[in-house]
Amino acid sequence: MSTAKLTINLDALVTNWQNLNAMTNCETAAVVKANGYGLDAARVAKALATGGARNFFVAAAEEGVALRRALGPGPGISVFSGHMEGDTRLLKEFQLAPMLNSLDQMLRHFETLPGHTFGVQLDSGMNRLGMEPAEWAAVRDIALGQKPVLLMSHLACSDEPSHPMNAQQLQVFREMTDGLEVPRSLAATGGILLGRDYHFDLCRPGVGLYGGAPYGDALPVVQLDLPVIQTRDVEPGESVGYGNTWVAQAPSRIATVAAGYADGLHRTMMNHGIDLFAGKTRCPVVGRISMDLITVDITALSEVPASLTLLNEVQTVDHLATAADTIGYEILTSMGHRYARTYQG
């Protein structure tokens, strides 16, 4: 009972996908890389497939293998990293579609898996993955002759709607793909929210499915409850935790709960307005977050609870991310293996 409990609401996840899908005028896939953003790709994808998703994206072929074993034949599984050396057997045996990123990957794919499904990733300005305009122009006719199923690119600043990079990338992507009779994809979660000019034939939301920004209307998907191990009364002038960083100014009751930075709860969250909750009552974190333990001021409570809640519908992954000077993606994918996971829906 000393293990923190992570509750994942699959119904909320599916609702987020369905609501994002309703914003588009095209097919909506789902990104389930990094083990479903840390929430178990197999469970996440099965729920989304039941909810209507028919295409999924992962980062690497090995992730695609695990997903195919979970989903069985039928749903499309695309691999962002393309066709890496050593991937050939996996791509063929598990019916995975690589998004080819370079001339080298294109040659490898056409030579080792002729006729096998593939897409092409284009670099519209992010300078991360994909073929740049000049490279694409040189090999486009060869690639089109092999019948790609998708031409895709990725937006660098879609979480900032007014950023000029969005319109710039849209223009470059259109210049690289207009007039080609191949389905196109540019938008992830942020791109969906930018509007239908960015939607093309397929959208591929990721973090918005899991309750994260920039999808402000997302339902919360995760709740994290931390069990109380011990409480103590602290007198004015006494300190709590490493480094004496918090000193009681008044008589206080302190609860020590079971979780810490080994569970993905960053030390930098301390003293940045992060609270734990007993029902609707806020209980501030005090002192340093350590490897396995967090100390919380529960003076306002009339009774000591069995557990306190860190993530809920009020304090989301994005609130924790702001306190840790990071993003919700990192909070989700850092959730530790020690959590006892419960799935609803």
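Residues numbered from 1 in each chain as written. Predicted model: local features only at pLDDT ≥ 70, side-chain atom pairs only at ≥ 80, totals over all residues. Heavy atoms only, no water.

(A) How the structure looks around the pattern of salt bridges. Using the criterion set out here, one finds 9 salt bridges in the structure. We note a salt bridge from aspartate 275 to arginine 282, for which the minimum N-O separation is 2.9 Å. Arginine 282 gets classed as partly exposed once you look at its relative accessible area, which sits at 44%. (Salt bridge = Lys/Arg side-chain N within 4 Å of Asp/Glu carboxyl O. Buried < 20%, exposed > 50% of the residue type's maximum accessible area, 1.4 Å probe, protein only.)

(B) Spotlight on the nonpolar core. Counting residues in each nonpolar core, the largest one holds 82 residues, and the members touching the most others are Leu48, Leu226 and Leu308. No other element matches helix 1 (residues 10-22), which puts 6 residues into this core. Ignoring any residue separated from it by four or fewer positions in sequence, one finds leucine 226 in contact with Ala4, Val257, Ala258, Ala259, Leu265, Leu276, Ile294, Ser307, Leu308 and Leu310. With 21 residues, the next largest nonpolar core counts Phe110, Leu151, Met176 and Leu180 among its residues. (Core = buried A, V, L, I, M, F, W, Y, C linked by side-chain atoms within 4.5 Å. Helix = DSSP H or I, 4+ residues; strand = E, 2+ residues; numbered from the N terminus. Contact = heavy atoms within 4.5 Å.)

(C) Seen up close, helix 4 (residues 61-71). Within the span of helix 4, buried status applies to Ala61, Gly64, Val65, Leu67, Arg68 and Leu71. Backbone geometry just after helix 4 places glycine 72 at a positive phi near 80°.

(D) Just unusual backbone geometry, in detail. Going from alanine 213 to proline 214, the amide bond is cis rather than trans, its omega being 15°. Structurally, proline 214 can be placed in the loop between strand 10 (202-203) and strand 11 (222-234). A positive phi is found at asparagine 35, a non-glycine position, where the angle reads about 55°. Looking at the secondary structure, you find asparagine 35 in helix 2 (residues 33-37). Here asparagine 35 falls in the partly exposed class, since its relative accessible area comes to 41%. Positive phi is not limited to glycine here, since asparagine 127 has a value of about 60°. Assessed through its relative accessible area of 59%, asparagine 127 is described here as exposed.

None of this, on its own, says anything about what the molecule does.
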